[in-house]
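Survey of secondary and tertiary structure
These are the residues of each chain, in order.
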Amino acid sequence: MSNYPVQMFEYHTWASQAVLGRIKELPSSVLSQEVNSSFPTIAHALTHIYAVDKMWYMVLTGTGMPEALQACMLLNAEILSSVDEYANVFALLSEQYREWFRSQADLEQTILLDNPFAGIRQTSLAEIVLHLINHGTYHRGNVSTMLRQLGHSSTMNDYALFWYK
């Protein structure tokens, strides 16, 4: 494995598309059915994952975290109406990340991250990438739980399964 953060990002992309593929197999109403969970609907959870992925992309490409956070908080209100729309926005953002990765010579370089929730610290680009992957994994787990609450199974999207894809 030559570039662990990039490989983990590819896992993140694959896992998100796997979950979206499973949701696509279900009635379209599953996106907007209310559940008693971390998010009111699966669409809200997917929107949150996307908004945070977008926020970190903005940070990685030079926007200050306070500004990126403010810009992407508005995305949390933009609930999409179909799984295809979510698949498309996730795929487009993944391509933007891939282009960014190609332009990076050293993911261990650090930036000064001004996190409004935690303060200022030097943070490597790799740490940010691994954080966004961890965040996505956590919330894909929420989506799997929400699917079960709605009477549907989810799909396997573990990193170990990704090894074989």
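Residues numbered from 1 in each chain as written. Predicted model: local features only at pLDDT ≥ 70, side-chain atom pairs only at ≥ 80, totals over all residues. Heavy atoms only, no water.

As for the pairing of strand β2 (residues 119-124)
For clarity, the cut-off: Pairing between strands is defined by DSSP: at least two bridges between them are needed. Put simply, DSSP marks the helices as runs of H or I at least four residues long and the strands as runs of E at least two long, and each gets a number from the N terminus on.
The sheet contact formed by strand β1 (residues 110-115) and β2 spans six bridges and is antiparallel. Opposite N115, over in β2, you have G119 as the bridge partner. Connecting the antiparallel pair β1 and β2 is a turn made up of three residues.

Here we look at the packing of helix α2 (residues 42-60) against helix α5 (residues 125-149)
We apply this condition: A fitted line through C-alpha atoms serves as each axis, taken over the contacting stretch for helices, and the angle formed by two N-to-C directions is quoted from 0 to 180°. Angle categories are assigned with fixed cut-offs, so that under 35 degrees is roughly parallel, over 145 is roughly antiparallel, 65 to 115 is roughly perpendicular, and the rest are oblique. We call two residues contacting when some pair of their heavy atoms lies within 4.5 Å. Under the grouping applied here, Gly and all other residues not named as nonpolar or charged are polar, the nonpolar ones being Ala, Val, Leu, Ile, Met, Phe, Trp, Tyr, Cys and Pro and the charged ones Asp, Glu, Lys and Arg.
At a minimum axis distance of 9 Å, the contact between α2 and α5 shows a crossing angle of 175 degrees. Between α2 and α5, the crossing angle belongs to the class labelled roughly antiparallel. The residues of α5 that touch α2, namely those facing I42, A45, L46, H48, I49, V52, D53, W56, V59 and L60, are L125, I128, V129, H131, L132, H135, G136, H139, R140, V143, M146 and L147. Of the residues contributing to the contact of α2 with α5, the split by class is 15 nonpolar, five polar and two charged.

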